[in-house]
Structures are given as structure tokens and as C-alpha cells.
Protein chains: 2
Amino acid sequence: MLKIGDFSRLSHLTVKALRFYEKEKLLIPASVDEWTGYRFYETSQLEDAARIKACRQLDLSIDEIRAILSGADMMQVLSDKAKALSEQREKTDILLSRIHHMLEGKEMKYQATEKVMPAATVFYAETVLENYSDIMQWIPSLGEECRKLNPHLRCAEPEYEFCEYPDGEYKEHDIQIRHNQAVTARGVENDVVKFREIPETKVLSIYHKGAYDSIGEAYAFIMKYAEDNGYQPAGLTRECYIDGIWNKESVDDWLTEIQLPVR
Amino acid sequence: MLKIGDFSRLSHLTVKALRFYEKEKLLIPASVDEWTGYRFYETSQLEDAARIKACRQLDLSIDEIRAILSGADMMQVLSDKAKALSEQREKTDILLSRIHHMLEGKEMKYQATEKVMPAATVFYAETVLENYSDIMQWIPSLGEECRKLNPHLRCAEPEYEFCEYPDGEYKEHDIQIRHNQAVTARGVENDVVKFREIPETKVLSIYHKGAYDSIGEAYAFIMKYAEDNGYQPAGLTRECYIDGIWNKESVDDWLTEIQLPVR
DNA sequence: GATAGAGGATCCCCTTAGGGGAGAGTCAAC
DNA sequence: GTTGACTCTCCCCTAAGGGGATCCTCTATC
């Protein structure tokens, strides 16, 4: 009959752990003094202690160990655990690749995040603009057009409004542009404003601060980031204008989100 | 000015997380209504939110993110994180290798654990025995011999007593055996009983239950286990007799610990 | 027999990054 | 005025024990 301290030294488990295992009904002392509450263990319990310790060293949880001791299929538990560990290893590898990407990139100007944009119904319009600065005249006109056609149509909450550049190539002039805005339902179309559904989309997102003329850096960054981290581009990049000339005096305060759909 | 729910939808952070980040002083709302307690955010804070979210997706802790936002060297933080992740990956790999070893081994009869035995002073004696069953006559005689030489010498607490087989090969007869027992100090020697110091030793430990004639399986297991998991044997295997003929009637209750020193 | 020190007991708080829910107050629309 | 959607604060929960406070028990020594 060993007191808890002796059993602790022999089993190489801390006293705290032994008391915890009793509470969890993993390893019950052979006897407990009714008056003093002292726990007493038998040497034969060292075997159980070793089994528990071995399981903990395999990083099995208390619940898993309890299941095993209750006769669950150890092989099953272990192969489940192996699967979980493999998944964890993959995640760690992905994180490492991202961090190394950032460490090599040197510039922390942009930070990519992954998010999922919900499916939506949008009204959209396309045109070809002489140059970028015409965008902010064009977009408000679309809203009016749409409201004229569909007076009762509402924008979706939260607002989601973005531009795409179907050209695929960068141009300084004659820019083909498509503007999209999420709404609550389809409505009447005409030859300017049409409707379509966009599906739920996983995107890489970065925020670009400042004037639009340096937005190319942001594109460069996000494309390289995607490539380095094993993302497959899956659609046209979306630009969301958050702060701009309409609400910020200083060009340095303009804020644009760039979303790259990925798989 | 966005209410917390709107900001949550735009930033893709939960309301709970936003409140938590305020408590942690990571992301303070641009203003808080003095009377209602409502938090109000500005669109420009989406950028901060995205930065925080990006950091969390790199699995950086709140403390690390706060350090970065306070101007700490992001590169340093990231390379520390990369180091930690690499270490974690190694640990995961080790666990996976152990689990696969167990899954392939099929038999769960033995469970290896790693532990560290403290340094100790031992008295020891060697002899050659006709066969294994003579051990239990021989060992008690050593204790008497030692007490005769050193009446005041005490055994170390916890008791640590083990046998080694310096032969290195398995024999059925003419077994060379060395018995060691940890004591509190050196004492007088004679030609039977001598003293020496043993250093702190990392060992792999398994428990063998039952008669000694099947102990070979335990040895086989522990050696294969060590080999499969990249341990280097670093000394003679130690046998600790925990339960045996002296206190257990049934041979099935005998319990022996086998310790393999490893690097 | 008294006492000191070691070791045992229980109980409470702490760790991460928020999640879940209760109860109460606020805001906008109908 | 009411209803329903939001929002607030406050409390408890996670896994596996660690750290510490306070009180009790055992053993050795004087």
C-alpha cells in the first residue's frame, strides 16, 4: 500500500495528475482511508499508471484513454488519432509556408486573409471606360438606372458591391469594367442593367490603402501569395471600394479591398 | 459609423471576437456611446481588422499580435513563430511514428514510456547464477551483507533496485548478473559488496506481467520499439522486480519493470 | 508527551481565444 | 404602443492539469 507521494515517484506521474486521474475515473486508488481521506495505491497499479502515461505520451485525451480502458478498440482510437495528427501536420505545413512567404517577401504592406463570401443575386452592368478616373462618375449612374427600373428593389445587407475587369489584362485606357451590386431579389432588366446569381465564393482578401495608381502592387502581391501558398485562382478578381473620393478628403485615406476567388 | 453587427459582417469577425479584441486592446471601436454602451466602428478600421485576422490565420497569439501592433519587429515575431511551428511539426512526426509503430505491431501487450531516472549512489554485487530461479535466494543475502558492513546505511527514497546482465547475450544457465540498490551515501566495501555512482539516465520503460519465462517478449518489444522510434540504446537494460514470489501467490500477478537506457 | 516538519487533503483561481446563453436595455419599423 | 432585431454586460465553459492557501495527519525527535 503506497501513499500518493510514493506512488507518484514510482510511476513518474505528479501528485496533481494522480488526483486528477482519480477525479476522471481513470485510475482509482486501491483504497482510501475513510477518516483521513488518504489515498493508497498498490504496486500492481503501476502497470495501469504506465499504460495511462504511455497513452498521454501519444497525446491521447483523457476521454480517449477512458474509452480504451473501458474496452474500446484501441486500434480504432489510434488510427483516428493518427488521422487527426496527419491533418494537424498538414495545417502546420500550410502555416509554415505562409510565414516563410511573408518572411521572404520582406514587405508587410499587405496581409492576405481567406474568407468566404456568401452567394448573392446581383445587378450588374458593363462598359468600356477611357481611363480609371471615370469610374466614379459611371458607378452612381448605374444605381439610378436600376432604381428607375426597379423602384422597390433593395440592396442586400451587408452591402456588397464590387468591380471586375473581364479583360484579364492590365490596360491604362479602354478599360473594360463590370460593376456588380448585391440585391435582395431579381428585377426588371434592360440593355444596361442585368441580373445574375453569384455562388458562394472563397476569396483571398487584401486591403489597399491610398491612391489607385499603386494598386498594381496589391495585385502583384496577392497573385504571388496565392501561387506560393497553393491556391488556385478561380475567377475574376473583385475590387470593393470602401473609402474613396466620395467620403475622404485625403487620397491617403482611400481604402480598397481586393478579392481573389480561389479554390 | 458602423454598429458592431455591421462591422462584423464586413470584417468577417464574429461579434464575440470584436468585443474580445476590444477587451484585449487590439481593436478599439472608434467611439462608444456613453449612455447605451453601443460600439461604433469606422470603415477605416476594416484594415486593422483584416490585419488582425491575417495574424490570427497565421496562428499568432493575441499577445504576439498586440506586440506587432505596438511596433515590435514583425519579422522577429514571425521567425520565432516559424521556429515554434517547426518544432511542433517534429513532435507531431514523432507521435505519428510511434502510433504507426503500435498499429503495425498489432499487439498492445506492452506500452513503452519514456522517463528520466535520477542520479544515485548504489551498492552493487555481481555473481554468476546457475539459473534464473536462484535470483530470489541471492538478492536478499546481499542486503544482509551490506547491512553487516554498514549498519547505518539507508536505502534511498524512493527505493530503486535493479538487476543488470553484463553478458549482453541471453543465457539459460551460468547467468552473469549484477544487482544494484540505491542508497543515501557510500559505505564500506568488501569483495562482495561495492559502491558506485550512476548518473541521471533517460530510459524507455515497460512493465512485464507474469512469469519470467515470457520476459523475452518484453525485451524483443522494447528493442524493436527503440529501433523503430529512433532511440539509441545507451547502456545495459535494467530489471526492477516489483511484485514477485515474495508477495504474490499467483505467478500471473508478478510484475517486472524493464528499463532500457537510451539517448 | 509535546512539537516540528513533511506530506496529505480540499478548495479556488489560472492558463487560450473566444462560444453559448441569460437577462436587460436600445433602436427602428409598423 | 408594440414587436422583433440588435446590443449590452455578466457568468460559465473548454483540456489537462499547475500553483498556492489553508487545514489535517503522520512520524521522528526531544
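The shown structure was predicted, so the numbers you read here are calculated from the model rather than taken from an experiment.

Draft legend 1. The relation of the copies chain A and chain B, seen in detail. At an RMSD of 0.1 Å, chain A and chain B line up after a rotation of 180° and a shift of 0.0 Å along the axis. Such values leave the two copies arranged in the relation of a two-fold axis. For chain A, the smallest separation between a C-alpha atom and the rotation axis is recorded for A:Arg89, amounting to 3.1 Å.

Draft legend 2. Region of the structure containing the side chain of A:Glu47. Residue placement: A:Glu47 occurs in helix 3 (residues 45-57). Among the polar contacts made by the side chain of A:Glu47, one reaches the side chain of B:Lys209 at a distance of 3.4 Å.

Draft legend 3. Expanded view of the sheet that holds strand 1 (residues 2-3) of chain A. Residue and element names in this part refer to chain A. Spatial strand order, 1-3-2: 3 strands in an open sheet with antiparallel pairing. Looking at which strands have only one partner, the edges of the open sheet turn out to be strand 1 and strand 2 (31-32). Examined bridge by bridge, strand 1 and strand 3 (residues 39-41) share 2 bridges and lie antiparallel to one another. Within strand 3, the position partnered with Leu2 by the bridge is Tyr41.

Draft legend 4. The side chain of B:Glu257, seen in detail. Residues and elements named next belong to chain B. Within the fold, Glu257 resides in strand 11 (residues 255-261). For Glu257, the side chain forms a polar contact with the side chain of Ser205, separated by 2.8 Å. Apart from residues no more than four positions distant in its own chain, Glu257 is found in contact with Lys115, Ser205, Ile206, Tyr207, Arg238, Glu239, Cys240 and Ile242.

Draft legend 5. View of helix 3 (residues 45-57) of chain B. Residue and element names in this part refer to chain B. Along its 13 residues, helix 3 runs 18 Å from first to last C-alpha, staying within 8% of the 18 Å computed at 1.5 Å per residue. Residues of helix 3 that are buried include every one of Gln45, Leu46, Glu47, Ala49, Ala50, Ile52, Lys53, Ala54 and Cys55, and no others. Where helix 3 terminates, the next one or two residues include Asp59, which has phi positive at roughly 65°.

Draft legend 6. Molecular detail of the protein's contact with DNA strand D. Neighbouring residues of DNA strand D: 18 residues in total, closest A:Lys16, A:Arg56, B:Gly5, B:Arg19 and B:Arg39. In the interface set of DNA strand D, defined as its atoms within 4 Å of the protein, sugar plus phosphate atoms amount to 77%. At 3.0 Å from a phosphate oxygen of DNA strand D is found a side-chain nitrogen or oxygen belonging to A:Tyr21. If you list the elements that add at least two residues to the surface near DNA strand D, you get helix 2 (15-23) of chain A together with helix 1 (4-11) of chain B. Broken down by element, the surface near DNA strand D gets its largest block of residues, 4 residues, from helix 2 of chain A. Grouping the amino acids of the surface near DNA strand D by side-chain chemistry returns 7 nonpolar, 6 polar and 5 charged.

Draft legend 7. Structural detail: the sheet that holds strand 1 (residues 2-3) of chain B. Taken together, 3 strands build an open sheet; the order of strands is 1-3-2 (chain B) and the sheet is antiparallel. Edge positions in the sheet fall to strand 1 and strand 2 (31-32) of chain B, since each of these pairs with one other strand and no more.

Draft legend 8. Examining the protein's contact with DNA strand C more closely. Around DNA strand C sit 19 residues, and of these A:Gly5, A:Arg19, A:Arg39, B:Thr14 and B:Lys16 come closest. Protein-proximal atoms of DNA strand C, defined as those within 4 Å of the protein, fall in sugar or phosphate at a share of 71%. Contact between DNA strand C and A:Gly5: a phosphate oxygen at 2.7 Å from a main-chain N or O atom of the residue. At a separation of 2.8 Å, a phosphate oxygen of DNA strand C approaches a polar side-chain atom of A:Arg39. Within the residue set of the surface near DNA strand C, elements represented by two or more residues are helix 1 (4-11) and helix 2 of chain A together with helix 2 (15-23) of chain B. Ranked by residues supplied to the surface near DNA strand C, first place goes to helix 2 of chain B with 4 residues. Across the surface near DNA strand C, the residue classes tally to 7 nonpolar, 6 polar and 6 charged.

Draft legend 9. Local environment of the layout of surface pockets. Taken as a whole, the largest pocket encloses approximately 1,200 Å³ of empty space. In this structure, the largest pocket is lined by 41 residues; those nearest its centre are A:Glu159, A:Tyr160, A:Glu161, A:Gln181 and A:Tyr241. Of all the secondary structure elements, the ones that give two or more residues to the lining of the largest pocket are strand 4 (113-117), strand 5 (120-129), helix 6 (135-149), strand 6 (161-164), strand 7 (175-183), strand 10 (238-243) and strand 11 (255-261) of chain A together with helix 1 of chain B. When residues in the lining of the largest pocket are grouped by element, the largest group, 6 residues, is from helix 6 of chain A. Broken down by class, the residue content of the lining of the largest pocket amounts to 25 nonpolar, 7 polar and 9 charged. Its volume calculated, the second largest pocket comes out at about 940 Å³. Lining the second largest pocket are 35 residues; nearest its centre among them are A:Leu10, B:Glu159, B:Tyr160, B:Glu161 and B:Tyr241. At the level of elements, helix 1 of chain A together with strand 4 (113-117), helix 6 (135-149), strand 6 (161-164), strand 7 (175-183), strand 10 (238-243) and strand 11 of chain B are the ones that each hand at least two residues to the lining of the second largest pocket. Examining the composition of the lining of the second largest pocket, we find that 4 residues originate from one element, strand 10 of chain B, more than from any other. For the lining of the second largest pocket, the residue count by class is 22 nonpolar, 5 polar and 8 charged.

Cut-offs applied
- Residues numbered from 1 in each chain as written.
- Chains lettered and ligands numbered in written order.
- Predicted model: local features only at pLDDT ≥ 70, side-chain atom pairs only at ≥ 80, totals over all residues.
- Heavy atoms only, no water.
- Least-squares fit on C-alpha atoms with pLDDT ≥ 70 in both.
- Helix = DSSP H or I, 4+ residues; strand = E, 2+ residues; numbered from the N terminus.
- Polar contact = N/O pair within 3.5 Å; in protein donor to acceptor, adjacent residues only side chain to side chain.
- Pairing = 2+ DSSP bridges.
- Contact = heavy atoms within 4.5 Å.
- Expected span 1.5 Å × (residues − 1).
- Buried < 20%, exposed > 50% of the residue type's maximum accessible area, 1.4 Å probe, protein only.
- Near = heavy atom within 4 Å.
- Nonpolar A, V, L, I, M, F, W, Y, C, P; charged D, E, K, R; others polar.
- 1 Å grid on protein atoms, 1.4 Å probe; cavity = no way out; pocket = protein on both sides within 12 Å on 5 of 7 lines; lining within 4 Å.
- Points joined across faces, edges and corners; volume = space filled by probe spheres on them.

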